[in-house]
Every structure is written in structure tokens, then in C-alpha cells.
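Fold and geometry: a report
The primary structure of each chain is shown beneath.
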Amino acid sequence: MIDSTTAIQMVNKKLIVPDQVTIPFITGDGIGPDVTDAMQSVVNAAIEKAYQFEKKIIWNEVFAGEKAFHQTGEWLPQETLNAFSEFVVGIKGPLTTPVGGGIRSLNVALRKDLDLYVCLRPVRYFQGINAPVTQPEKIDVTIFRENTEDVYSGIEFESDSQEAKMFLDWLQEQLPDSYHKIRFPQSVGLGIKPISKEGSQRLIQAAIEYAIRNKKPIVTLIHKGNIMKFTEGAFRMWGYDLAERDYKEFIYTARQFEHTRTHVGISEAKKEKEWALGNGMIWMNDVITDAAFQNLLLYPQDFSVIASSNLNGDYLSDALAAQVGGIGISPGANINYQTGIAVFEATHGTAPDIAGKNLANPSSLILSSVLMLQYLGWNDAAELITKALEKTINHGQLTQDLAQFVTGSSTLGTGEFAKAIINNF
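Owing to the predicted nature of the structure, the values given are computational and were not obtained by experimental measurement. (Residues numbered from 1 in each chain as written. Predicted model: local features only at pLDDT ≥ 70, side-chain atom pairs only at ≥ 80, totals over all residues. Heavy atoms only, no water.)

1. With respect to the overall build of the protein
- What the protein contains, in helices and strands, is 16 helices and 17 strands.
- Relative to the compact-globule value of 22 Å for 425 residues, the protein shows a C-alpha radius of gyration of 23 Å, a close match.
- Taken across its 425 residues, the protein has 52% of its residues classed as buried.
- The averaged location of the 49 negative side-chain charges in the protein is 6 Å from the averaged location of its 37 positive side-chain charges. (Helix = DSSP H or I, 4+ residues; strand = E, 2+ residues; numbered from the N terminus. Rg over C-alpha atoms; globule rule 2.2 N^0.38 Å. Buried < 20%, exposed > 50% of the residue type's maximum accessible area, 1.4 Å probe, protein only. Lys, Arg positive; Asp, Glu negative; His and termini not counted. Charge placed at Lys NZ, Arg CZ, Asp CG, Glu CD.)

Encoded structure:
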């Protein structure tokens, strides 16, 4: 039974958060226990300092991954999914995905079963970290990656399987022109890439509303629509349709600019754009994926909010995190803004070679807890952690993965790094 006094409620699309709130958490595999302990100590201390015992998180452990399998024989028990649904907001460490059968990916399963259609990945630079680009401080980008469709939907047919043969036979009979595009049908593995209007628009709507709420100047749709015209290209089209229909007072789009340029002239189009942006409207444009990788390296200041399909967002979020020092300092969240259900997570792997050795960097999970606190509306505690983490890193107090690249830095263990953050509140 749920203690209703500590459970979050979603009323009229707004979270109602009690002062004492139960948060289910998955410790995770490998370094999961190390980074989870560090995160919880920092969060507890920040809430205590910010609210003087008026607010509190009651941590409720639930299970997934290796720990769940050893205890229950299941990699992702239904009780865990129920807990995240019922308590609304949760957090998780990194999980091992079983090899050779079973669940395709535990992370994907969580996202799909709970319909967490937004993967939210803010990427910014922390002064004091050695980054591979010359001006990492120009990077302050929030990625909205669609989380439930695209090739991650899991519709695949193995080469030489009965399913592949059936599909190929149907294709040859019903759509022979498409069948003849397959170069080696006798040995081909097949996948289906679903991208829907509903799935695309709810993701893009979340990105637009985030930009409006946080006064971000640009929303960029990233796609490969020049090649995949009816999936990636449709994602782009549906994004512009949504913005021009429902957000006229907030958004001016590159498609509107192009329409004016074509029908009236470039001079009038420039005037129209200048007026719109001068009056505080957000500029929505689109960039083809390969160009986006190049432009994020060369001109990261030209991006603030990105909306992308699933696979593109996966590539982009990790590549962009590398530009500021790696996914070890990159937070992540999986959110359904309609139901309110959200699971915040470490974005890195389980690193079993350093598990239990007090060497792991807990920054990703700590920053994910900052996103969680902001989602709860506990912004004072979130700000305490962010500023303290900035100070800790800037003073050269780093875990091994970062300290090895920073001359004169101090190397701290996982627990010591958490204590340093608390001391810098």
C-alpha cells in the first residue's frame, strides 16, 4: 500500500509534491552502489541545508538489473514498474543489459513500458574540466530525444529467420519495387523504423514549452529527412506544423522565413524575421544530422534546445557530452510530461572494472538528481548542489577520470568527492 501522504499526485498536468516525498530508486549494477550512495548523501545534505528539515526525501529501493535477477529471477520486475508509476518520480543508477536473450535493453524497456517519451539531456561546461574543444564554455544545449519510437522500437527480423523470409516474400509479392532495392535479400537482416505524428509532436511540444519556460532563443529540429523523407522528413514537417499552428505568438520558423522569401522576396523575409526575433519570439530551424554534428563542434553557440528522433538524439547527446569532458558529467531524465512520470538516471555505463573501488565519478547521477529536484520544484536545493559542484570542480577537486587530465588537481574517491561538494555548499 502507498502512503498517500508521501506520494506525488498529478492534478491538471501539475505535480503536487508533499514536503516528505517517497522517491523509488534503483541502485544499479557495477558502480551503481558507489554513485547512488554519493548522490543520496549530497541530496539529503542539500535538502537539509536549504529547507531546515521542512522537506525530506524518503528513499525507497526497488530492483532492476543483476540485483533484481539474483533476487527474483527477473531483470525488470513488475513491482519496479508499478513503483515508478505510483510514486511518479524516481531515479536510477546504471544497469547491465542481459546478453544473449531476455530483455533487449533494460533502459529501453523502462522507457517504453512507462511511456517516457522524452529523453532530456542538458549539456553544459564546468570550468576546471579538461575538454577536447577550444571553447567548451560556448556549449549550453538541452537535447530532447524522442524515446519510444524509431529503430529502438525493436522491430527486427534476423537474417535467415522464418520472420525475415515471410516479410521478404510479402515484400516481393506486394511491393516488388521496394523488394528490388534490397541488394542481398538472401542474407539480409531487416528492421522497421516507426516514426509517428503523435510521437513526434508530443516530443517537439515538450521542447518548445521548455524553451518558452526557460527563455531559450532557438529550437532546432535535427533529422535526416533528405534521405528518409517519410520518417525523419516527416518529423521535421510535423514539428513545423505544430509550432506554426499552436505556438504562433512564441515561435517564428525557418519554414515561414522561406515561404516569405519565395513569395515576397529576401528583403521582406529578413525584415519579418528581424521583427519576430526582436519581439522576443523563438527561432525554430532544422538541421540535417551530419551537418548538426559539424555545426555543434564549430558553432555550438547557435544551438540552445534540440529536438530529435531517437537514434539521432542518442548519437548527438553522447557526442555533445564528450565536447565538455564526457558523459561522466552529463545528466539525463526520461519524462512523460502528460502523466508526470519521470525517471532520472546516470547516463554512463556500469564500469564493472572499478566497481566497489571508490573510483567512480558520481557527477552524472548527482546532476541528474539536480534535474529531479528542479522537477519537484525544490529549486533551492538544486541550486545549492549545482553551485557547490561548480566550486568543487573549479578548485581542482576531481575524481580519477577527470583529475588525470588536469595538472595540479587533487584526486578524490567517490565518497570524498561527495563530501567535498557538501563542504562547498
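This is not the end of the story, as more comes after the structure.
2. Digging into the environment of Asp-241
- Tracing the sequence through the fold places Asp-241 in helix H8 (residues 232-246).
- Judged by its relative accessible area of 28%, Asp-241 falls in the partly exposed class.
- For the pair Asp-241 and Gly-396, spaced 155 residues apart in the sequence, the C-alpha separation amounts to 48 Å.
- Residues in contact with Asp-241, not counting those within four places in the same chain, are Gln-201 and Arg-255. (Contact = heavy atoms within 4.5 Å.)

3. Some thoughts on the packing of helix H1 (residues 32-51) against helix H13 (residues 363-376)
- With their axes 9 Å apart at the nearest point, H1 and H13 run at an angle of 40° to one another. Relative to H13, the element H1 lies oblique. Here H1 and H13 pass one another in a crossing that is right-handed. Here H1 contributes Val-35, Thr-36, Met-39, Val-42, Val-43 and Ile-47 to the contact with H13, which in turn contributes Leu-365, Ile-366, Ser-369 and Leu-373.
- For the contact of H1 with H13, the class distribution of residues is 8 nonpolar, 2 polar and no charged. (Axes fitted to C-alpha atoms, helices over the stretch in contact; angles between N-to-C directions. Parallel < 35°, antiparallel > 145°, perpendicular 65-115°, else oblique. Left-handed = near helix turned anticlockwise from the far one by under 90°. Nonpolar A, V, L, I, M, F, W, Y, C, P; charged D, E, K, R; others polar.)

4. Brief notes about the pairing of strand S4 (residues 56-62)
- Of the strand pairs in this sheet, strand S3 (residues 20-26) and S4 are connected by 7 bridges, and their pairing is parallel. If you follow Thr-22 over to S4, its bridge partner there is Ile-58.
- Crossover S3 to S4 through H1 is right-handed. (Pairing = 2+ DSSP bridges. Right-handed = clockwise from strand over helix to strand, strands pointing away.)

5. Structural notes on the packing of aromatic side chains
- In this structure the tally under the stated criterion is 9 aromatic pairs.
- With 5.5 Å between their ring centres and 35° between their planes, Phe-157 and Phe-167 make a pair best called tilted. Here the residue Phe-157 occupies a position in strand S8 (residues 156-157), and Phe-167 occupies one in helix H5 (residues 162-174), the gap between them amounting to 10 residues.
- Overall, the relative accessible area of 25% leaves Phe-167 in the partly exposed class.
- Taken together, the ring pairs connect Phe-157, Phe-167 and Trp-170 into an aromatic cluster.
- For the cation-ring pair, Arg-124 lies above Phe-126, with the distance from its terminal atom to the ring centre recorded as 3.9 Å.
- The cationic tip of Lys-273 hangs over the ring face of Phe-257; the distance from NZ or CZ to the ring centre is 5.8 Å. (Phe/Tyr/Trp six-rings, centres within 6.5 Å; stacked < 30°, edge-to-face > 60°. Lys NZ or Arg CZ within 6 Å of the ring centre and 35° of its normal.)

6. Side note on the environment of Val-108
- Summarising the element assignment, Val-108 is placed in helix H4 (residues 106-113).
- The exposure class assigned to Val-108 is buried, which follows from its relative accessible area of 15%.
- C-alpha separation for the pair Val-108 and Gln-404, spaced 296 residues apart in sequence, amounts to 33 Å.

7. Focus: the sheet that holds strand S5 (residues 89-92)
- An order of S4-S3-S5-S15-S14-S6-S7-S13-S10-S12-S11 is seen for the 11 strands of this open sheet, with the pairing classed as mixed. Where the open sheet ends on each side, the last strands, each with one partner, are S4 and strand S11 (251-253). This sheet shows a mean twist of 25° between the axes of neighbouring strands, independent of strand direction.
- With 4 bridges connecting them, S5 and strand S15 (residues 342-346) associate as parallel partners. Looking across to S15, one finds that Ile-91 is bridged to Phe-344.

8. Structural notes on the packing of helix H9 (residues 254-263) against helix H10 (residues 266-278)
- For the pair H9 and H10, the least separation of the axes is 7 Å and the interaxial angle reads 150°. It follows from the interaxial angle that H9 and H10 lie roughly antiparallel. For the crossing formed where H9 meets H10, the hand is right-handed. Contacts from Gln-256, Phe-257, Thr-260 and Arg-261 of H9 reach H10 at Ile-266, Glu-268, Ala-269, Lys-270, Glu-272 and Lys-273.
- For the contact of H9 with H10, the residue count by class is 3 nonpolar, 2 polar and 5 charged.

9. What about helix H11 (residues 289-298)?
- Every buried residue belonging to H11 is among Thr-289, Ala-292, Asn-295 and Leu-296, and all of these are buried. The buried residues of H11 occupy an angular sector of 115° when the element is viewed end-on, so they sit on one face. Opposite the buried face of H11, at more than 90 degrees from it, the exposed residues are Leu-297 and Leu-298.
- Close packing links the buried residues of H11 with strand S10 (218-223), strand S12 (282-288), strand S13 (305-308) and helix H12 (310-323). (Arc of directions from axis to C-beta.)

10. Focus on the pairing of S5
- Of the two faces of S5, the one lined by Val-89 and Ile-91 and the one lined by Gly-90 and Lys-92 are each fully buried.
- Where S3 meets S5, 2 bridges bridge the pair, whose relative direction is parallel. Bridged to Ile-26 within S5 is Lys-92.

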